[in-house]
Amino acid sequence: MLGGFLSLVLARQKTLSRGIAVLLLSGGSLLGLIDSAGKLLNPGEAWTSFNYLDLFSLSFHVDGLSAFFLTAIFAVSMMAAIYSFHYMENEEGGIKNGVNYFFFSMLIASMALVVTAANILTFMLSWEIMSLSSFFLVIYGHESSENRKAGYLYFVFTHIGAMFVLGAFGLIYGHTGSFDFAPMADVPEAVKILIFVLSFIGFGSKAGVFPFHVWLPHAHPAAPSHISAVMSGVMIKTGIYGILRIYAILDFHTPIFGYITLIAGVLSGILGVVYALGQHDIKRLLAYHSVENIGIILIGLGMGMIGAATGNPLVTVLGFAGGILHVLNHSIFKSLLFMGAGMVLHQTGTRSIDALGGLLKGMKITGTTFIIASLAICGLPPFNGFVSEFFIYMGSFKSIPLGSMTFAMSIFAIISLAVIGGLALACFTKVVGVVFQGEPRTKVAENAKEHGVAMMVPMGILAAACVIIGVYPKVFINMALKAVQALGLDYGQVPVEPFGHITGNITFAALLFLVLVLIILGTRSIYYRKKTVTRSGTWGCGFTQPTVKMQYTGSSYAGSILEFFSAAAPLTEDHPPIKGRFPVKTHYHSHVNDIAELHMINAVVRPVLYLFDKLRWMQHGDIHLYIGYILLTIILLLFFI
Amino acid sequence: MIQSILLWLAAILAAPFFSGLILKIKAFFGGKKGPPLLINYYTLIKLFKKGSVYSNSTTFVFKLGPVISLAATMTALMFLPIAGHNPIFSFKGDVIFVLYILGLGRFFTIAAAMDTASPFEGMGAAREAYFPIICEAAMFMILIFFYRITGELQLSAYFAGNTTQSMWSSVGAPLLFIVLSFFIILLTENSRVPVDDPATHLELTMIHEVMVLDHSGPDFGLIELGSFCKLIFYSTIISRMILPFESSIFGLPIVLYITGLLVVYVAVGLTESVIARYRMDKVPQFVLTSFALAFFATIITLEFVK
């Protein structure tokens with residue numbers, strides 16, 4: 001925690017010097033990381049509180065759950081800070097960079113504060129600092145109107161979300177009379193459900209839960225890549241943290257919470273990846289994948305909540321641990337993917353998937369780490385995404401015999417996880433295949449080389465983390481179990497033993513597979529030593545004049561799958577048909593519509609605009625009448641007190 | 001343990017033979033003599049003797065593709081009870097691992113195809129990415145079915161010893177659905193007619209064959225071996241489902257197992273002889289049928305298994 005503060009204070013003074021800022025930020029994060037990981041491994045809780053003029057107290061509390069999120073936050077922030085050293089080198093304008101680093105350090109510090117806040121006031125304060133500093137980071141490239149629009153959209157969403165959270169907190173305060181995050185005892189059940197729903201919407205809009213995810217695909221491409229990595233990797237997870245914290249405070253185990261969370265998770269999961277498939281912009285695509293992975297996390301948490309409600313400890317722990325571990329896993333591979341995309345953007349200047357190709361030849365490290373992250377995000381063994389998905393699967397299967405409604409929910413969860421897995425595989429084979437493989441489609445892609453040690457080192461470390469967690473998940477599962485324990489599910493100490501078996505099995509199976517791969521690879525290379533190996537062009541099936549434009553593009557690759565999901569993801573195409581004997585040039589442009597965005601404009605934004613248009617007469621610029629309004633309100637309020 | 005390893009090796013070695021059988025059956029229905037039964041071994045030997053040609057467009061992923069996909073299938077086979085015998089390895093939840101490791105194999109096959117920059121291979125890759133999504137949903141539906149009956153998530157809990165037999169006696173009717181559903185998955189996952197046509201040389205009609213157009217020599221041999229192993233993996237499961245009898249007489253389980261395999265391969269050959277490949281946009285409906293069958297089977301178990 002101290003590390004976060006340190007970086008904040010020092011980075012503010014040295015904003016002009018990029019190097020120093022990076023050094024301090026990463027150093028601070030490293031300190032924070034060591035501290036929080038230490039807290040996770042050795043049980044212990046820390047309390048800190050400050051009083052401001054006796055009006056309200058800022059208090060902080062670190063338990064297993066906070067420490068787990070802190071670990072993810074500091075780990076990713078450290079990598080992103082190092083990465084930014086070379087990523088930001090071409091940017092001009094000292095003051096602009098300075099401001100960027102200032103808000104970056106604010107963001108890291110405020111995220112750390114959010115997950116350690118121990119009362120409502122502290123939480124809201126840090127929450128707002130986090131939202132605002134990330135808003136300023138999104139509008140870094142404020143010269144382009146698209147980026148300003150993205151920033152505005154994010155601003156609106158994050159504040160409507162904060163409003164819902166505030167509403168939920170208001171209810172909590174109203175019923176308990178205390179600002180503290182303590183388990184609530186005697187509050188009517190209906191109120192608890194209302195609090196949960198309100199905070200779920202509020203935190204969901206931060207986390208990017210469908211249909212409140214609309215800001216994500218706009219904001220992530222607009223921000224610089226290391227910021228996207230932090231925002232997508234960890235900032236949206238504070239929403240997940242919020243949901244978990246509220247769940248722990250409510251201390252009310254009803255299956256309804258589980259159903260809400262699970263259904264929201266399934267919707268976000270499937271739709272997120274379907275929209276991702278349709279994207280042409282690599283960073284937008286990754287942003288939609290964040291929606292998908294938030295969905296997977298929520299499926300896990302929902303399963304955990306159902307388990308808690310039906311009194312099945314195994315399902316509870318498997319679900320929660322899977323979901324929470326996926327938070328860490330997603331933060332690792334998603335930030336790695338954004339860094340890879342950032343490298344591509346930095347070196348080629350384009351984010352368009354269909355304009356790239358063949359980058360693996362010039363960018364060995366970027367390409368390889370990107371492939372590793374892709375495998376991890378698809379949930380394939382032996383990488384880290386598999387471990388958390390495996391836990392969620394186990395939890396879902398274990399809940400099958402728990403009654404008919406739970407059965408329906410677990411079918412829902414399992415099938416959607418399977419479909420999400422398949423779709424993610426399709427999506428990432430598309431990205432890897434079109435961006436990194438094949439032949440370069442444009443001049444910039446042809447000459448792209450990778451550059452910047454400070455960018456490659458974090459990518460290498462994160463890729464290694466994907467493999468390490470995938471093969472030896474034991475330590476990380478234990479960390480997740482500590483976090484589950486902090487939820488106060490009245491099971492007391494969560495036993496480590498049964499889950500040790502699961503992780504042991506995963507390790508064993510992963511090693512078995514790796515050994516088999518090595519054996520075949522070894523035999524192959526020995527065998528190939530005496531062989532004649534020639535190189536030539538790709539077999540064009542008799543066609544001898546292929547051009548790079550004939551390659552399958554991302555759009556054509558995803559076309560048939562999108563057609564299958566056309567009800568949820570309507571496709572707009574712009575393609576004038578070819579006519580006449582001497583056809584003129586034609587073009588093709590396609591865009592996948594996000595139904596949430598589409599309906600939100602029609603159903604929410606238009607009526608609200610209409611309403612506000614009608615209320616315009618109230619705002620006339622006459623200061624006397626404004627004072628009159630204030631007086632009138634106060635008098636009216638007096639009646640209620 | 002030794003016996004399990006021997007069975008595993010035997011299955012891998014016998015896989016090409018059974019695939020050759022399909023060719024023979026198709027030839028029989030076409031009124032031809034057909035290739036010799038051991039044709040696949042000859043092909044493999046021929047391929048392993050050759051050198052390789054690599055496209056200028058390719059990278060290391062292209063060479064890694066065949067290795068990973070073969071290793072994935074071989075790993076999957078290690079967890080599968082062959083002839084009702086205990087598998088080499090087994091743990092709780094191994095089914096999920098096996099399905100995902102097969103997914104890893106698919107990822108690399110697709111990636112290797114995309115590596116060549118060939119539009120044909122891109123087309124095949126897109127289809128290879130598409131149809132298994134539905135297959136996977138159906139597979140997991142079948143797993144839910146098995147879990148309801150056995151309460152286990154382990155291949156050995158479904159197909160080893162007398163477990164399959166007791167499944168038949170408790171939920172025979174829905175299990176018939178599952179067999180059919182699984183057969184459809186087998187056809188899809190192994191790129192057989194009516195989903196894909198392994199025989200044509202028209203690139204546009206193919207999925208799996210077109211993806212491996214550019215592989216040559218020993219690498220191509222690895223791919224071929226991998227696909228033979230994959231087919232025998234799925235066939236072994238169906239074989240066990242249709243002939244689940246347990247017997248202590250020496251050799252009888254093996255005989256039953258081989259009989260089951262023959263039935264499956266003949267069925268595949270028959271399907272290929274009498275049905276033409278579906279139009280590509282009809283394939284999803286065909287694959288969805290398997291999901292629907294498994295789903296209904298699971299619903300029926302709600303009555304049988306409380």
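Just so it is clear, the structure is predicted and the values come from calculations on it, not from any experiment.

Q: Looking at this structure, I do not really get the overall build of chain B. What am I missing?
A: When helices and strands are tallied, chain B shows 11 helices and 1 strand. Going residue by residue from the N terminus, the α and β elements of chain B occur as α-α-β-α-α-α-α-α-α-α-α-α. For 306 residues, the compact-globule estimate of 2.2 N^0.38 gives 19 Å, and the C-alpha radius of gyration of chain B, at 19 Å, lies within 12% of that figure. For chain B, the residues scored as buried account for 59% of the 306 residues in total. Here the analysis covers contacts within chain B between residues at least 6 apart in sequence; of these, 78% occur between residues at least 24 apart.

Q: For this particular structure, what's the right way to read the overall build of chain A?
A: Of regular secondary structure, chain A possesses 24 helices and 5 strands. Contacts spanning at least 24 positions in sequence make up 80% of the contacts within chain A whose residues lie at least 6 apart.

Q: I keep staring at the nonpolar core and nothing clicks. Help me out?
A: Among soluble globular proteins, nonpolar side chains are generally buried collectively. Of all hydrophobic cores here, the largest spans 316 residues; its most connected members are A321(A), C466(A), A480(A), M141(B) and A294(B). If you tally residues by element for this core, the top one is helix α5 (residues 119-150) of chain B, at 22 residues. Both domains that furnish three or more residues to this core are identified here as domain 1 (2-185 + 207-513) and domain 2 (551-576 + 586-592) of chain A. With sequence-adjacent residues up to four places away left out, A321(A) is seen in contact with F391(A), I477(A), A480(A), L481(A) and V484(A).

Q: Honestly, unusual backbone geometry in this entry has me stumped. Any pointers?
A: In terms of backbone geometry, most residues other than glycine have negative phi values and most peptide bonds are trans. Residue F210(A) is joined to P211(A) through a cis peptide bond whose omega torsion reads 0°. Mapped onto the fold, P211(A) is located in the loop between α7 (189-207) and α8 (216-222). Between V193(B) and P194(B) the backbone carries a cis peptide bond, its omega angle lying at 10°. Assignment of secondary structure puts P194(B) in the loop between α7 (163-189) and α8 (208-211). Phi is positive for A83(B), which is not a glycine, with a value near 55°. Looking at where A83(B) falls in the secondary structure, it is placed in the loop between α3 (60-78) and α4 (94-114). Positive phi values are uncommon outside glycine, yet A117(B) reaches one of about 65°.

Q: Looking at this structure, I do not really get the interface of chain A and chain B. What am I missing?
A: By a frequent convention, interface size equals the accessible area lost on bringing the separate parts together. Contacts between chain A and chain B engage 59 residues on the former and 57 residues on the latter. Listed by contribution, the elements that provide at least two residues to the side of chain A that touches chain B are α14 (359-362), α16 (384-398), α17 (404-436), α21 (497-528), β3 (533-536) and α22 (554-564) of chain A. For the side of chain A that touches chain B, the element with the highest residue contribution is α17(A), accounting for 13 residues. Its residues assigned to classes, the side of chain A that touches chain B comprises 38 nonpolar, 16 polar and 5 charged. Of the pairings in the sheet, the one linking β3(A) to strand β1 (residues 52-55) of chain B comprises 4 bridges and is parallel in character. By the bridge assignment for β1(B), T534(A) is matched with V53(B).

Q: Would you mind showing me how to read the UniProt feature "transmembrane region" (unreviewed entry) in chain B here?
A: Residues and elements named next belong to chain B. UniProt feature "transmembrane region" (unreviewed entry): in the numbering of this structure it lies at residues 6-23, 60-83, 95-117, 129-147, 167-187, 249-271 and 283-305. End C-alpha atoms of residues 95-117 are separated by 35 Å, and the span's content is 87% helix alongside 0% strand. In residues 167-187, helix accounts for 100% and strand for 0%; the two terminal C-alpha atoms are 24 Å from one another.

Q: What should I look at first to understand the environment of G559(A) in this one?
A: Residue and element names in this part refer to chain A. Structurally, the position occupied by G559 is in helix α22. A count of 17 C-beta atoms within 10 Å places G559 in the partly exposed class. Sequence separation between G559 and F103 is 456 residues; the distance between their C-alpha atoms is 40 Å.

Q: Got a minute to help me understand the domain arrangement of chain A in this structure?
A: Residues and elements named next belong to chain A. Taken as a whole, chain A is organised into domain 1 (2-185 + 207-513), domain 2 (551-576 + 586-592) and domain 3 (595-640). Each side of the interface is counted separately: domain 1 has 15 residues, and domain 2 has 12 residues. Counting residues per element, the ones that place at least two in the side of domain 1 that touches domain 2 are α11 (255-277) and α17. Looking at the side of domain 1 that touches domain 2, the element that brings in the most residues is α11, giving 4 residues.

Q: Just to check I follow, could you spell out the confidence of the model for chain B for this structure?
A: Atomic detail in the predicted coordinates should be set aside for any region of low pLDDT. Summary statistics for chain B give a mean pLDDT of 89 and a share of 97% for residues scoring 70 or more. Listed scores for the predicted complex are pTM 0.92 and ipTM 0.94.

The rules behind the values
Residues numbered from 1 in each chain as written. Chains lettered and ligands numbered in written order. Predicted model: local features only at pLDDT ≥ 70, side-chain atom pairs only at ≥ 80, totals over all residues. Helix = DSSP H or I, 4+ residues; strand = E, 2+ residues; numbered from the N terminus. Rg over C-alpha atoms; globule rule 2.2 N^0.38 Å. Buried ≥ 20, exposed ≤ 12 C-beta atoms within 10 Å, placed from the backbone. Contact = placed C-beta atoms within 7 Å. Core = buried A, V, L, I, M, F, W, Y, C linked by C-beta atoms within 7 Å. Domains from an automatic or database assignment. Nonpolar A, V, L, I, M, F, W, Y, C, P; charged D, E, K, R; others polar. Pairing = 2+ DSSP bridges. UniProt positions renumbered as here; feature names shortened; annotations may be inferred. pLDDT = per-residue confidence, 0-100.

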